Amino acid sequence: MGDPLRLVLLDIDGTLVDSLHNIVLAMHTACDVVGVTRPPEACVRRGIGLSLVEAVAQSLPDHPLDIHEQVAEHYKQAFMALRSSPDHQEHLFPGTREIIAEMAGQGWLLGLATGKSRRGLDSFVERHGFEGCFVTLHTADDGPGKPHPSMIHQALANTGCEPHHTVMVGDTTFDIQMARAARVGAVGVSWGNHAPDDLWRSGAHIVLETFDGLTAAVSSLTATPG
């Protein structure tokens, strides 16, 4: 028998791309339109990774669901406007492009599992020239968002990979909780939206300082016992 298929699922915001500024700006713009007080950046940051309405609810806990839904809708409009702006920028974190090329060249299956909308995911892939790099794509539009394990379960079904040959890589506690719930490897990254200590407390098997260590990390977590 040949080597088993091995899958690495990657989060986007805060893991592959530095989108914090635009997320906060879109949230504040939406709040201004709806007429509610802007939440501090730290509150917005804590909700990144959740589905949009849940993220808004975390940032605006004193408001009812209908306000959360209004803010979420205006957030989408604000983010689309930012994305369409000529000076729109969401830079890849150092090493992102290189590690994706390296792992694909080594035969890893790669996928995305994100709190972004399907439109946001497609825009990310197109903007950065990642067409054809990912074999399975999952967003909060497809079903329950993080930390529910649904996205990982769908990825396993799509690829035929086993949980013990699969790793989720992300910057938030929601990524780690989702991975542990799905019984796959959980790798955190230290440069994103949640603190490394929080990632460890959520159950991360490994927390990376740079992408240089990713291949070794996922290899160790998916190794087949001899």
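Residues numbered from 1 in each chain as written. Predicted model: local features only at pLDDT ≥ 70, side-chain atom pairs only at ≥ 80, totals over all residues. Heavy atoms only, no water.

## Here we look at the packing of aromatic side chains
In total, this model carries 5 aromatic pairs according to the counting rule given. Aromatic ring contacts, followed pair by pair, group Phe93, Trp191 and Phe211 into a single cluster. Its end group placed over the ring of Trp108, Arg6 keeps NZ or CZ at 4.0 Å from the ring centre. (Phe/Tyr/Trp six-rings, centres within 6.5 Å; stacked < 30°, edge-to-face > 60°. Lys NZ or Arg CZ within 6 Å of the ring centre and 35° of its normal.)

## Here's the deal with the pattern of salt bridges
Per the counting criterion, the structure on display carries 7 salt bridges. Asp11 is paired through a salt bridge with Lys146; the nearest N and O atoms lie 2.8 Å apart. Residue Asp11 is found in the loop between strand E1 (7–10) and helix H1 (20–34), and its partner Lys146 is found in the loop between strand E3 (136–138) and helix H7 (150–159); the two are separated by 135 residues along the sequence. Accessibility expressed as a relative area gives 2% for Asp11, which makes it buried. Note that Arg118 is salt-bridged to Asp142, the shortest N-O span being 3.0 Å. With Arg118 in helix H6 (residues 118–127) and Asp142 in the loop between E3 and H7, this residue pair connects regions lying 24 residues apart in the sequence. Judged by its relative accessible area of 26%, Arg118 falls in the partly exposed class. (Salt bridge = Lys/Arg side-chain N within 4 Å of Asp/Glu carboxyl O. Helix = DSSP H or I, 4+ residues; strand = E, 2+ residues; numbered from the N terminus. Buried < 20%, exposed > 50% of the residue type's maximum accessible area, 1.4 Å probe, protein only.)

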